[in-house]
Amino acid sequence: MREAIGGTWIFQIVIFFILLFTGFMCLTINQSKAYNVKSAMVDAIERYNGTNLDDINTGDPAIEEIVASLKERGYRTTGKCPNDINYGVGKRIQYVGYDRDGHLSSTNVSFCIAKVPTHDDQPHEVDELPSMAYYKVVVFYQLDLPIFKNAFNFTLRSDTRLLNVSR
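Given the structure is predicted, the values throughout are model-derived calculations rather than measurements.

1. Quick notes on the overall build of the protein
Phase 1 of the analysis: When helices and strands are counted, the protein shows 2 helices and 7 strands.
Phase 2 of the analysis: Going through the 167 residues of the protein one by one, you find that 37% of them count as buried.
Phase 3 of the analysis: Pairs at least 24 apart in sequence give 60% of the contacts found in the protein among residues at least 6 apart.
Phase 4 of the analysis: Accessible surface, the protein: about 10800 Å² in total, of which carbon and sulfur atoms supply 55%.

Here is the structure:
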């Protein structure tokens, strides 16, 4: 009887470590995919010197490249965009969320982008400096265990370099 109980405990410990290893592998794979998607998004925004977050129907090449990158990498994780960003006194920037097909969305968001200008919008007598801004990018990854499904959701954030957006 004693050996039967001991064998059960060993079996449970082995199952626990198999689940732990599987969870670690799933998290690592999803995190790697999210880092690749984030890097592709930042590269696309920098390559096209920004993106138009106001009107999605213009066929923005940066958004089209991001969507193609999502589909190529098999990225399917969704999440919720972060709250507004405070920059300066009384100024707020909102994240714009997109679904996997590149359409504006507030639910089932695959990625979020926010444009943060580095200048004020006040007219000056001499406006010698170009309009500069940088973009904040957010993507998501999760701990997706085969039995438990989505156990935890994580966000991954990045910024682009400073871009000349006076176009």
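2. Some remarks on the environment of valine 37
Phase 1 of the analysis: With respect to the helices, strands and loops of the structure, valine 37 is situated in helix α1 (residues 2–47).
Phase 2 of the analysis: What makes valine 37 buried here is its relative accessible area of 1%.
Phase 3 of the analysis: In sequence terms valine 37 and phenylalanine 111 are 74 residues apart; their C-alpha atoms lie 9.5 Å from each other.
Phase 4 of the analysis: Filtering out sequence-adjacent residues up to four positions away, valine 37 remains in contact with Leu70, Arg73, Tyr75 and Val139.

3. Regarding the nonpolar core
Phase 1 of the analysis: Residues Met41, Ile66, Phe111, Ile113 and Val139 are the most contacted members of the largest nonpolar core, which totals 35 residues.
Phase 2 of the analysis: Considering each element in turn, this core owes the most residues, 7 residues, to strand β5 (residues 132–145).

4. Let's talk about the packing of aromatic side chains
Phase 1 of the analysis: Under the definition given, this model contains 3 aromatic pairs.
Phase 2 of the analysis: When the centroid spacing of 5.4 Å and the interplanar angle of 70 degrees are considered together, the rings of phenylalanine 16 and phenylalanine 17 count as edge-to-face.
Phase 3 of the analysis: For phenylalanine 16, a relative accessible area of 49% corresponds to the partly exposed category.
Phase 4 of the analysis: Note on phenylalanine 17: relative accessible area 49%, which makes it partly exposed.

5. Re a nonpolar patch on the surface
Phase 1 of the analysis: A cluster of nonpolar side chains, contributed by Ile10, Phe11, Val14, Ile15, Ile18 and Leu19, occupies part of the molecular surface with about 550 Å² of accessible area.
Phase 2 of the analysis: Relative to the elements of secondary structure, leucine 19 occurs in helix α1.
Phase 3 of the analysis: A relative accessible area of 36% means that leucine 19 is categorised as partly exposed.

6. A look at the pattern of salt bridges
Phase 1 of the analysis: One pass over the full model with this rule turns up 4 salt bridges.
Phase 2 of the analysis: One salt bridge in this structure joins aspartate 159 and lysine 136, with 3.3 Å as the shortest N-O distance. Here lysine 136 lies in strand β5 and aspartate 159 lies in strand β6 (residues 149–159), a separation of 23 residues in the sequence.
Phase 3 of the analysis: Taking the relative accessible area as the measure of exposure, lysine 136 reaches 18% and is therefore buried.

7. Quick notes on the pairing of strand β4 (residues 111–117)
Phase 1 of the analysis: Where burial is concerned, most of β4 is hidden: 6 out of the 7 residues are buried.
Phase 2 of the analysis: Relative to β4, strand β3 (residues 96–98) is paired through 3 bridges, and the arrangement is antiparallel. Residue tyrosine 98 lies in a different strand from β4, and its bridge partner there is phenylalanine 111.

8. Things to note about unusual backbone geometry
Phase 1 of the analysis: Although it is not a glycine, asparagine 49 sits at a positive phi angle of roughly 55 degrees.
Phase 2 of the analysis: As for its position among the elements, asparagine 49 is in the loop between α1 and α2 (61–73).
Phase 3 of the analysis: Despite not being glycine, asparagine 108 has its phi angle at roughly 55 degrees, a positive value.
Phase 4 of the analysis: When you line up the elements, asparagine 108 lands in the loop between β3 and β4.

Calculation notes
- Residues numbered from 1 in each chain as written.
- Predicted model: local features only at pLDDT ≥ 70, side-chain atom pairs only at ≥ 80, totals over all residues.
- Heavy atoms only, no water.
- Helix = DSSP H or I, 4+ residues; strand = E, 2+ residues; numbered from the N terminus.
- Buried < 20%, exposed > 50% of the residue type's maximum accessible area, 1.4 Å probe, protein only.
- Contact = heavy atoms within 4.5 Å.
- Areas by Shrake-Rupley, 256 points an atom, 1.4 Å probe, with all protein chains shown as cover.
- Core = buried A, V, L, I, M, F, W, Y, C linked by side-chain atoms within 4.5 Å.
- Phe/Tyr/Trp six-rings, centres within 6.5 Å; stacked < 30°, edge-to-face > 60°.
- Patch = residues over 30% accessible without salt bridge, like charges linked within 9 Å, V, L, I, M, F, W, Y side chains within 5 Å.
- Salt bridge = Lys/Arg side-chain N within 4 Å of Asp/Glu carboxyl O.
- Pairing = 2+ DSSP bridges.

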